[in-house]
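# Overview (structure and organization)
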Amino acid sequence: EVQLVESGGGLVQPGGSLRLSCVGSGLIFSNYRMHWVRQAPGKGLVWVAGITSDSAFTNYAKSVKGRFTISRDNAKNTVYVELKSLTAEDTAVYYCVRGATNSWTPFNFWGQGTLVTVSS
Amino acid sequence: QSALTQPASVSGSLGQSITISCIGTSSDVGHYDLVSWYQQLPGKAPKLMIFDVTKRPSGVSDRFSGSKSGDTASLTISGLQADDEADYYCSSYTTSGDTLVFGGGTKVTVL
């Protein structure tokens, strides 16, 4: 059974930083592109960032480029996203998503998410 | 404002068919056959229902089907069931920054 388990969410002050982690199991993690997608409370889905299976390429939404960094460690079956210069607009549930093997789409399988709250 | 436009809500009676539209542009929906659809049940993570416009992942009911015409993609749910009540989101790859975009989501209500 495929599982993606996110961690690292919590309350952070405006301007602060946070690193989210996502551990995958039940899949050959190194075969797949991985993504982070977020959902603000009561709002829709927003793609945040993606990374190829070998970390050769990363891709970011305009709204987070320069503030967020996606990375992965295939030996640990883990993908990360580092969040910096956080504002209230970054408050959301952040989902880790397994992508395809050689395409940026679709988003094949989703974790349960971790909540990031930016507030003073 | 989302990059792709979906109706906020669609409703239908048990057993009926409904169609959800997803309007994009020549940079996304109209440019690639890379539209996908996701179902999000209340309080749950999204689930892939349709990819590459018309393809269904293993395990997804054949009551769900996708299509595309020009810059508009559509998801049709036939034989509507009570557990189809959920939010549905479309997504597409876009040439604008080579990124991925979602629609604003459509709440499906089964009457």
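All of the points below concern the structure found in this document.

### Digging into the pattern of salt bridges
Going through the model one piece at a time under the given rule, you end up with 5 salt bridges over all chains. Here R67 of chain A ties to D90 of chain A by a salt bridge, and the two come within 2.8 Å at their closest N and O atoms. Of this pair, R67 of chain A sits in the loop between β6 (58-60) and β7 (68-73) while D90 of chain A is found in the loop between β8 (78-83) and β9 (92-98), placing the two residues 23 residues apart along the sequence. The pair formed by R67 of chain A and D90 of chain A is uniform in burial state, with each residue classed as buried. Salt-bridge contacts for D52 of chain B lead to K55 of chain B; the nearest nitrogen and oxygen are separated by 3.4 Å.

### A word on the environment of R56 of chain B
All names here are of chain B. Relative to the assigned elements, R56 resides in the loop between β4 (47-50) and β5 (64-69). Owing to a relative accessible area of 37%, R56 belongs among the partly exposed residues under this scheme. Those residues in contact with R56, other than ones at most four positions away along the chain, are M49, I50, F51, S61, D62 and F64. At 3.1 Å, the side chain of R56 and the backbone oxygen of F64 are in polar contact.

### A short note on the interface of chain B and chain A
Each side of the interface is counted separately: chain B has 18 residues, and chain A has 19 residues. Contact between chain B and chain A buries roughly 1,500 Å² in total, counting both sides, with carbon and sulfur atoms accounting for 65%. Contact with chain A buries area across many residues of chain B, yet P46, L100 and F102 of chain B alone supply 37% of it, more than any other trio. At the boundary of chain B with chain A, the tally comes to 0 salt bridges. The interface formed by chain B and chain A holds 4 residue pairs in polar contact (both at pLDDT 80 or more) in total. Mapped onto the side of chain B that touches chain A, the elements with two or more residues apiece are β3 (36-40), β7 (86-94) and β8 (99-102) of chain B. Looking at side-chain class alone, the side of chain B that touches chain A contains 10 nonpolar, 6 polar and 2 charged residues.

Procedures and definitions
Every chain begins its residue count from 1, and numbering advances along the sequence as written. Naming scheme: in the order in which they are written, chains are lettered from A and ligands are numbered from 1. Totals for whole chains, interfaces and linings use all residues, but because this is a predicted model, local features are given only for residues with pLDDT of at least 70 and pairs of side-chain atoms are given and counted only at 80 or more. Hydrogens and water are ignored here; the side-chain numbers use all heavy atoms of the structure. When a carboxyl oxygen of Asp or Glu lies within 4 Å of a side-chain nitrogen of Lys or Arg, that pair is called a salt bridge. For helices the rule is a DSSP run of H or I covering at least 4 residues; for strands it is a run of E covering at least 2, with both sets numbered from the N terminus onward. Only protein chains enter the accessibility calculation, which uses a 1.4 Å probe. A residue is then buried if its area is under 20% of the maximum for its type, exposed if over 50%, and partly exposed in between. In what follows, a contact means two residues having at least one pair of non-hydrogen atoms within 4.5 Å. We call two N or O atoms a polar contact when they sit within 3.5 Å, provided that within protein one can donate a hydrogen and the other can accept it, with sequence-adjacent residues counted only if both atoms are side-chain atoms. Once two parts are put together, the accessible area they lose, assessed with a 1.4 Å probe and summed over both, is termed the buried area. In the scheme used here, Gly and all other residues not listed as nonpolar or charged are polar, with Ala, Val, Leu, Ile, Met, Phe, Trp, Tyr, Cys and Pro taken as nonpolar and Asp, Glu, Lys and Arg as charged.

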